[in-house]
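Coordinate analysis (summary)
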Amino acid sequence: MSTTPLNNSQPSGCPFSSAKDFTPWAPEFVQNPYPTFKWLRSLGPIAYSEAMDYWVVNSHDAIKEILMDEERFSANLMLSTMSKWPEDVAQEIAAILPNRPMLKDLDGEPHDKARRFLRFAFTPRRLEWIREDVERIANDCMDSLFAEGEGSGDIVRRFTDVAPMRVLMKFLGIPEEMGTQIQAWSHNRENMLQGNLTDEELRAGVQPLKDYYAYARQRVEELEANPGDDYMSEVIQLWKEEQPENVVWEDILNILMSLMNAGHATTTDLMGNGLWALLTNREQWDKLVANPDLVPDAIEEMLRYDTSVPAWRRRATVDLELEGHKIPAGSKMFLLLGSGNRDESMVSHGEEFDIERTDGRQYVTFSAGAHYCLGQSLAKLELNTFFRGLVTRFPNLQLQEGFVPDYRVNAFHRGPNSLPVELGQESLTAGAGAGAEENAR
Amino acid sequence: MKITIDGSKCVGAGNCEADMHEVFEVQDVGPTKVISQPAEDQRRLLEIIIGNCPARAIALEK
């Protein structure tokens, strides 16, 4: 990592010299955005980036205020892609995408109505139906972790990339063998909309995007004809009851699309980021090994410390003034959720990973206000199951020595592409237990 | 000391129930309900729960 001193007091690791140059594409920022976040906070809560044509918001309070202000800020940023599409791509895509907004793009009453309709299955009590499946899937993944590598394996490929997808397939009533394909389609869609692709890469993404939507349409038809015991089948039946005259199938398609996109990579990345934090702060891992009842607190700290969604957006609907800046109607706002989570005004020593901290719970990882993450209880169920399983079964788990992860280039998502781990000495399966504690030092 | 929930703001996130299930109950439909009033000695935890509500929907009356 470069430690070249810069002449305007940025912490090392921040590649920008002026806030107007900020973009989420700088390699140093993709690798580790936190030095930049800290530097931006030192300049004030809001700055305008000319390079992005976005107002970049970094303080916890300003972010939360914007997320909760539905009067002056809209969530609708449909087709406001991060890389500019060439005309031919834009035309082809316009023919594929439904012209009705997805859940994340809805405002006001239509959004409230959709949320009220979708929420029933996401309460902690209702999610109990899927707990056994989550545990079974986590166990399968742990069985496979070191199956081939003689004590080493990539935990992203074997576990964190796999388990959330399998849970989601169960939840949505999609055959499990479709998981890998849907993952590829979903990554492609995210990269097209939120990444920094070249025109050629964008063109190559059109056909998979078409295939993705075609599959989703087909799956809605199948689940309507042959409902299962899954959530999507129930949603389809309820939606038909609610609209007996004229079912808006595009909305059902959007619901399925929203869940297929929001329901796996976010959790995969949370697991990867959390695991990186734990294994590079070994004393925190050791605390969990010694007392797995700390897992729920550790999950809260992982959610704060390195969120899988470090940024999100809003658009100003009226001329307004915020923190001394005049912001014209139509302005796009880039909200640095990952910065808000470490804001000095909210949390003390926020750059430190401390699973026992008591001041970290006001994070904005799941957004705030009306769009608060619908699936947060499912995410927490998965994270708790995953980490409890890992610390009890592999107490000596460690990262491959010297490994530094790389991260995919996306304005809104952050997670390691791979994390090679080693079983460590004295695994429980090798009959340890007593020796585990000694070797944890 | 009385806990109230503003039904027009509540989004049913369920953080309050996770922290204090004897007081808060998320509903399948509609805002979260207060199912019992908390004891006076729980004030500090309640203040934390109020701060953590992502919709700022919980209020504490004296």
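No experiment lies behind these values; they were computed from the predicted model shown.

What counts as what
Residues numbered from 1 in each chain as written. Chains lettered and ligands numbered in written order. Predicted model: local features only at pLDDT ≥ 70, side-chain atom pairs only at ≥ 80, totals over all residues. Heavy atoms only, no water. Helix = DSSP H or I, 4+ residues; strand = E, 2+ residues; numbered from the N terminus. Rg over C-alpha atoms; globule rule 2.2 N^0.38 Å. Buried < 20%, exposed > 50% of the residue type's maximum accessible area, 1.4 Å probe, protein only. Contact = heavy atoms within 4.5 Å. Areas by Shrake-Rupley, 256 points an atom, 1.4 Å probe, with all protein chains shown as cover. Lys, Arg positive; Asp, Glu negative; His and termini not counted. Charge placed at Lys NZ, Arg CZ, Asp CG, Glu CD. Buried area = accessible area lost by both parts, 1.4 Å probe. Salt bridge = Lys/Arg side-chain N within 4 Å of Asp/Glu carboxyl O. Polar contact = N/O pair within 3.5 Å; in protein donor to acceptor, adjacent residues only side chain to side chain. Nonpolar A, V, L, I, M, F, W, Y, C, P; charged D, E, K, R; others polar. Core = buried A, V, L, I, M, F, W, Y, C linked by side-chain atoms within 4.5 Å. pLDDT = per-residue confidence, 0-100. 1 Å grid on protein atoms, 1.4 Å probe; cavity = no way out; pocket = protein on both sides within 12 Å on 5 of 7 lines; lining within 4 Å. Points joined across faces, edges and corners; volume = space filled by probe spheres on them. Pairing = 2+ DSSP bridges.

Looking at the overall build of chain B
Of the regular secondary structure elements, chain B holds two helices and four strands. Counted from the first residue to the last, chain B has its helices and strands arranged as β-α-β-β-α-β. Taken over C-alpha atoms, the radius of gyration comes to 10 Å for chain B, in line with the 11 Å a tight globule of 62 residues would show. Expressed along its principal axes, the backbone C-alpha trace of chain B runs to roughly 30 × 20 × 15 Å.

Description of the overall build of chain A
Looking only at helices and strands, chain A has 18 helices and 10 strands in total. Over its C-alpha trace chain A gives a radius of gyration of 22 Å, about what one expects of a compact globule, namely 22 Å for 441 residues. Principal axes of the C-alpha set define a box for chain A whose edges measure 65 × 65 × 40 Å. Here chain A holds 441 residues, and the buried ones make up 57% of them. Contacts in chain A between residues at least 24 apart in sequence constitute 72% of all its contacts with a sequence separation of at least 6. In the structure as shown, chain A presents an accessible area of about 18700 Å², 48% of it carried by carbon and sulfur atoms. Counting 43 positive and 69 negative side-chain charges, chain A places the averaged centre of each group 3 Å from the other.

Notes on the interface of chain A and chain B
Accessible area lost on assembly of the parts is the figure often given for the size of an interface. Each side of the interface is counted separately: chain A has 17 residues, and chain B has 19 residues. Buried area between chain A and chain B, summed over both chains or domains, comes out near 1600 Å², and the portion from carbon and sulfur atoms is 42%. On the chain A side of the interface with chain B, the three residues burying the most area are Arg-119, Arg-125 and Arg-361 of chain A, jointly 35% of the side's total. Between the two partners, chain A and chain B, sit three salt bridges. Our count for the contact surface shared by chain A and chain B stands at nine residue pairs in polar contact (both at pLDDT 80 or more). For the side of chain A that touches chain B, the element with the most residues is helix 17 (residues 376–393) of chain A, which contributes three residues. Considering only residue class, the side of chain A that touches chain B consists of five nonpolar, five polar and seven charged.

Looking at the nonpolar core
Residues and elements named next belong to chain A. One finds Leu-172, Ile-182, Tyr-231, Leu-390 and Leu-397 to be the most contacted residues of the largest nonpolar core, which totals 110 residues. Ranked by residues supplied to this core, first place goes to helix 10 (residues 199–225) with nine residues. Of all hydrophobic cores here, the second largest spans 21 residues; its members include Phe-37, Met-82, Ala-311 and Phe-334.

Remarks on the pattern of salt bridges
All names here are of chain A. Under the criterion given, the structure shown has 38 salt bridges over all chains. Among the ionic pairs, Arg-116 bridges to Glu-109, the shortest N-O distance being 3.3 Å. On the basis of relative accessible area, Glu-109 is assigned to the partly exposed category, the value being 46%. Each of Arg-41, Arg-342, Glu-344 and Glu-351 takes part in salt bridges that share partners, so that together they form one network.

Some remarks on the confidence of the model for chain B
Residue and element names in this part refer to chain B. A residue-level look at chain B finds 100% of positions with pLDDT of 70 or above and a mean pLDDT of 89. Mean pLDDT in chain B bottoms out at helix 1 (residues 15–19), which sits at 85, and peaks at strand 3 (residues 33–34), which reaches 96. ipTM for the predicted complex: 0.82, alongside a pTM of 0.90.

Some details on the confidence of the model for chain A
Residue and element names in this part refer to chain A. Model confidence for chain A is summarised by a mean pLDDT of 91, while 94% of its residues fall at 70 or above. Contacts of residues 1–9 to residues separated by more than four positions or lying in other chains number six contacts, the stretch itself having pLDDT below 50. Overall, residues 427–441 carries pLDDT values under 50, and its contacts beyond four positions in sequence, including any with other chains, amount to 15 contacts.

A short note on the layout of surface pockets
If you add up the space inside the largest pocket, you get close to 600 Å³. Looking at the largest pocket, it is lined by 23 residues, and the ones nearest its centre are Ser-377, Lys-380, Leu-381 and Asn-384 of chain A together with Ala-18 of chain B. Counting residues per element, the ones that place at least two in the lining of the largest pocket are helix 6 (128–145), helix 15 (295–305) and helix 17 of chain A together with helix 1 of chain B. Per-element accounting of the lining of the largest pocket gives the leading share, six residues, to helix 17 of chain A. The residue inventory of the lining of the largest pocket, partitioned by class, reads seven nonpolar, six polar and 10 charged. Approximately 480 Å³ is the volume attributed to the second largest pocket. Considering the residues around the second largest pocket, the lining is formed by 19 residues, among which Asp-112 of chain A together with Ser-8, Lys-9, Cys-10 and Val-11 of chain B are closest to the centre. Its residues assigned to classes, the lining of the second largest pocket comprises six nonpolar, four polar and nine charged.

A word on the pairing of strand 8 (residues 332–335) of chain A
When a strand is regular, its side chains alternate between the sheet's two faces. Residue and element names in this part refer to chain A. Looking at chain direction, strand 2 (residues 54–57) and strand 8 are connected through three bridges and run parallel. Across the sheet, the residue bridging to Trp-55 is Met-333, located in strand 8. Here strand 5 (residues 312–316) pairs with strand 8 via four bridges, running antiparallel. Of the residues in strand 8, the one forming a bridge with Arg-315 is Lys-332.

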